[in-house]
Amino acid sequence: MCGACGRTVVADPVFPGGRTTRGNLLAGQIIDALCAAAHNRIRVTGRPEGFTVSIPGRRPVPCATVADVWSAVFAASPATASVTFSTVQLEARYRTESRLLRAVVAASTVAASPAESRNR
């Protein structure tokens, strides 16, 4: 629970040092850029309390963790689960947040694993 606002804050393993609004915003930007690189029309926005996944033709999906975001992305666009994300361009953009970038990409791999096993 947040002491300042009283909202419930969900722990997220992508942020081992603790979640921050800045961390959520950056993770949302990273996931949004990866979705754009995968050529899907899904938009991801970081919020102080989590994330919002916007899927064309559907209501926005609120997500509490990065794993929840990836699950929503893969459910809306199953082909994205088989994409290997290239982070070369993002590494230059998020130079100081390279650990966060690696953690977000690793979370996508973990979230994609169940989707791949269902397709077999």
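One structure accompanies this document, and this report is about it. Please read all numbers here as calculations on a predicted model, not as lab measurements. (Residues numbered from 1 in each chain as written. Predicted model: local features only at pLDDT ≥ 70, side-chain atom pairs only at ≥ 80, totals over all residues. Heavy atoms only, no water.)

**Things to note about the environment of Thr87**
So, step 1. With respect to the helices, strands and loops of the structure, Thr87 is situated in the loop between α2 (66–76) and α3 (88–93).
So, step 2. With 53 residues separating them along the chain, Thr87 and Leu34 place their C-alpha atoms 8.1 Å apart.
So, step 3. The contact partners of Thr87, leaving out residues within four places of it in the chain, are Leu101 and Val105. (Helix = DSSP H or I, 4+ residues; strand = E, 2+ residues; numbered from the N terminus. Contact = heavy atoms within 4.5 Å.)

**Comments concerning helix α1 (residues 21–37)**
So, step 1. For α1, spanning 17 residues, the distance from its first C-alpha to its last is 24 Å, which sits close to the expected 24 Å at 1.5 Å a residue.
So, step 2. Buried within α1 we find Gly23, Asn24, Leu26, Ala27, Gly28, Ile30, Ile31, Asp32, Leu34 and Cys35.
So, step 3. Positive backbone phi, at 60°, marks His39, one or two positions downstream of α1. (Expected span 1.5 Å × (residues − 1). Buried < 20%, exposed > 50% of the residue type's maximum accessible area, 1.4 Å probe, protein only.)

**Topic: the sheet that holds strand β2 (residues 50–54)**
Across a sheet, strands are paired by hydrogen bonds formed along the backbone, either parallel or antiparallel in direction.
So, step 1. Pairing in this open sheet of three strands is antiparallel, and the strands run β1-β2-β3 from one edge to the other. With partners counted over all chains shown, the strands left at the sheet margins are β1 (43–47) and β3 (61–63), one partner each. Adjacent strand axes in the sheet meet at a mean angle of 25°, parallel and antiparallel pairs treated alike.
So, step 2. Two elements, β2 and β3, share three bridges in a ladder whose sense is antiparallel. Within β3, the residue paired with Phe51 across the bridge is Cys63. (Pairing = 2+ DSSP bridges. Axes fitted to C-alpha atoms, helices over the stretch in contact; angles between N-to-C directions.)

**Section: the pattern of salt bridges**
So, step 1. Under the definition given, this model contains three salt bridges.
So, step 2. Note that Glu97 is salt-bridged to Arg22, the shortest N-O span being 2.7 Å. You can see Glu97 sitting in the loop between α3 and α4 (98–118) and its partner Arg22 sitting in helix α1, a full 75 residues away along the chain.
So, step 3. Judged by its relative accessible area of 12%, Glu97 falls in the buried class.
So, step 4. One salt bridge connects Asp32 with Arg43, and the closest N-O pair in it is separated by 3.0 Å. (Salt bridge = Lys/Arg side-chain N within 4 Å of Asp/Glu carboxyl O.)

None of the figures reported here should be taken as evidence of function without further support.
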